[in-house]
Amino acid sequence: ILSYQGAFDPTILHYATASLTGANRLLLGVGWPSVLIISYLTSRRRGEKGSSFVKLDSHQSSSVFFLTVSTVYSFVIVIKATLTIMDAVVLVAIYASYVYVARKSPPVDRKELENAEGTSRAVSHLPRRKRYLVIAAFLALGGFIILVGSHPFIESVLELGKRLNISEYLFIQWLAPFLTEFPEGITVAYWATKTRLAPLAIANLVSSKLNQWTLLLGTIPVAYTLALASFQPIMLTRLQVDEILITAAQSLYGAICLFDLKFDIRNGSVLLGLFLVQFFIPPLRLEVTVAYMLLSAYELYKT
């Protein structure tokens, strides 16, 4: 919606990248560390020795690989300071490749399915045809809700920012993504309370990050092109370039941390700490970006 309206109003287009970068940085800066913290604390409450890391399953390496690829490509967008329909083609191709590889992964063991609860377990026990129909129905319902509710939601957030005399840009960047990611956050937090499901919580956040860093980013020039009915590049402003750059740097650090499929307390502390710095002191974008890049180089060397 923001990208489509932004074709005719540059200030609205500004909000599209704000929402994108805010959602991505929330996922890594708050989401990933939260899994570690919740898992550790709940383990201690049960009288167990809390673990200082979460180990992902080997088949989740494909998510890490394609997150790395999409992150590297995001630096290309920063360098040329434009978003075009060709960027959308590349980003969608990356995500499609990820889905293709993921489908080739060995099927989930039946014992692991027994660990699922609630709706997931009920759907997994349905016959194949009914299972596909139910999943398709969920997707259709979600799409309908987004189609009907996205415009009123965006207008409400912008109006609330005006009434509270708070920057509309900051409201779109942080409040909107927080609200839209909240249901997923609840699910991830619940999985994190189950020590055995903590890797699934991290894997879910990695997949969500990959989805947003490919499909969501690619959707911006697509919607812009449809609105104008012509292939025109989006010329990114200095602020948009800086925001995408710091998000890409954070993504690079997060991806490299998972090269060994282990996310530990040190990695989580760095992500949370640097997120809080850039959240409360926005002018330090460049310094935080440099910190992410230097730490990424260190993690890569150590690996």
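Residues numbered from 1 in each chain as written. Predicted model: local features only at pLDDT ≥ 70, side-chain atom pairs only at ≥ 80, totals over all residues. Heavy atoms only, no water.

Visitor: For this particular structure, what's the right way to read the overall build of the protein chain?
Guide: The helix and strand tally for the protein chain stands at twelve helices and four strands. In terms of C-alpha radius of gyration, the protein chain reaches 20 Å, essentially the compact-globule figure of 19 Å for 303 residues. On the principal axes, the C-alpha backbone points of the protein chain span a range of 55 × 45 × 40 Å. Looking at the protein chain as a whole, 42% of its 303 residues qualify as buried. For the protein chain, the share of sequence-separated contacts (at least 6 apart) that also reach a separation of at least 24 residues comes to 78%. Carbon and sulfur atoms form 68% of the exposed surface of the protein chain, whose accessible area is close to 16000 Å². Positive and negative charge centroids in the protein chain, built from 26 and 19 side chains respectively, lie 9 Å apart. (Helix = DSSP H or I, 4+ residues; strand = E, 2+ residues; numbered from the N terminus. Rg over C-alpha atoms; globule rule 2.2 N^0.38 Å. Buried < 20%, exposed > 50% of the residue type's maximum accessible area, 1.4 Å probe, protein only. Contact = heavy atoms within 4.5 Å. Areas by Shrake-Rupley, 256 points an atom, 1.4 Å probe, with all protein chains shown as cover. Lys, Arg positive; Asp, Glu negative; His and termini not counted. Charge placed at Lys NZ, Arg CZ, Asp CG, Glu CD.)

Visitor: Whenever I open this one, the pattern of salt bridges confuses me. Can you help?
Guide: It is possible for side chains of opposite charge to pair when their charged atoms get near one another. On inspection of all chains with the given rule, the structure shows six salt bridges. E299 is the partner of K302 in a salt bridge, and the nearest nitrogen-oxygen pair spans 3.6 Å. Taken together, the positions of K302 and E299, both in helix α12 (residues 285-302) and three residues apart, correspond to about one turn of that helix. Using a relative accessible area of 42% as the deciding quantity, one classes K302 as partly exposed. On the basis of relative accessible area, E299 is assigned to the buried category, the value being 4%. Connected through salt bridges with shared partners, the residues R25, E243 and R285 form a single ionic network. (Salt bridge = Lys/Arg side-chain N within 4 Å of Asp/Glu carboxyl O.)

Visitor: Would you explain the environment of L236 in this entry?
Guide: Secondary-structure assignment places L236 in the loop between β3 (234-235) and α10 (238-257). With 153 residues separating them along the chain, L236 and L83 place their C-alpha atoms 7.3 Å apart. Those residues in contact with L236, other than ones at most four positions away along the chain, are I77, A81, T82, L83, V241 and I244.

Visitor: Just checking my understanding: could you explain the packing of aromatic side chains for this structure?
Guide: The geometry of an aromatic ring pair is captured by two quantities: the separation of the ring centres and the angle between the planes. Within the structure shown, the criterion is met by seven aromatic pairs. Seen in terms of ring centroids, F66 and Y98 are 6.0 Å apart; in terms of plane orientation they differ by 65°. Their pairing is edge-to-face. Note that F66 is positioned in helix α3 (residues 61-80) and Y98 in helix α4 (residues 85-103), a separation of 32 residues in sequence. By the burial criterion, F66 is buried, and Y98 matches it. Between F279 and F280 the ring centres are 5.0 Å apart and the planes differ by 90°, which places this aromatic pair in the edge-to-face class. (Phe/Tyr/Trp six-rings, centres within 6.5 Å; stacked < 30°, edge-to-face > 60°.)

Visitor: Which parts of the structure should I look at to understand the packing of helix α2 (residues 10-45) against helix α11 (residues 265-280)?
Guide: Packed helix pairs are characterised by how far apart their axes lie and by the angle those axes make with each other. One way to put it is that α2 packs onto α11 with a least axis distance of 8 Å and a crossing angle of 140°. With respect to α11, the axis of α2 lies oblique. The handedness of the crossing between α2 and α11 comes out as left-handed. Contact residues: α2 offers R25, L26, L28, G29, V30, W32, P33, L36 and I37, while α11 offers I265, G268, L271, L272, F275 and Q278. Here the residues of the contact of α2 with α11 are counted per class, giving eleven nonpolar, three polar and one charged. (Axes fitted to C-alpha atoms, helices over the stretch in contact; angles between N-to-C directions. Parallel < 35°, antiparallel > 145°, perpendicular 65-115°, else oblique. Left-handed = near helix turned anticlockwise from the far one by under 90°. Nonpolar A, V, L, I, M, F, W, Y, C, P; charged D, E, K, R; others polar.)

Visitor: Which parts of the structure should I look at to understand α4?
Guide: Owing to its 3.6 residues per turn, the α-helix brings residues three or four apart onto one side. Helix length check: α4 (19 residues) gives 27 Å between terminal C-alpha atoms against 27 Å at 1.5 Å per residue, within 8%. Considered for burial, the residues of α4 that qualify are D87, A88, L91, I94 and Y98. Considered in projection along α4, the buried side chains sweep an arc of 130° and stay on one side of the axis. Seen from the open side of α4, the exposed residues pointing more than 90 degrees away from its buried face are M86, Y100 and R103. Buried-residue contacts for α4 involve α3, β2 (82-83) and α9 (198-228). (Expected span 1.5 Å × (residues − 1). Arc of directions from axis to C-beta.)

Visitor: Any chance you could explain the environment of Q278 here in plain terms?
Guide: Topologically, Q278 is positioned in helix α11. Given the relative accessible area of 4%, Q278 is considered buried. Counting along the chain gives 98 residues from Q278 to T180, while the straight-line C-alpha distance between them is 21 Å. Q278 has contacts with R25, W174, I246 and V288, leaving out every residue within four places of it along the chain. Side chain to side chain, Q278 and R25 meet in a polar contact 2.9 Å long. (Polar contact = N/O pair within 3.5 Å; in protein donor to acceptor, adjacent residues only side chain to side chain.)

Visitor: Help me understand the packing of α10 against α12, please; the structure alone is not making it clear to me.
Guide: Two elements in contact, α10 and α12, have axes whose closest approach is 9 Å; the angle formed by their N-to-C orientations is 25°. Classified by the angle between their axes, α10 and α12 sit roughly parallel to one another. At the point where α10 passes α12, the crossing takes the left-handed sense. Within the contact between the two elements, α10 uses L239, D242, E243, L245, I246, A249, Q250, L252, Y253, I256 and C257 and α12 uses R285, V288, T289, Y292, M293, L295, S296, E299 and L300.

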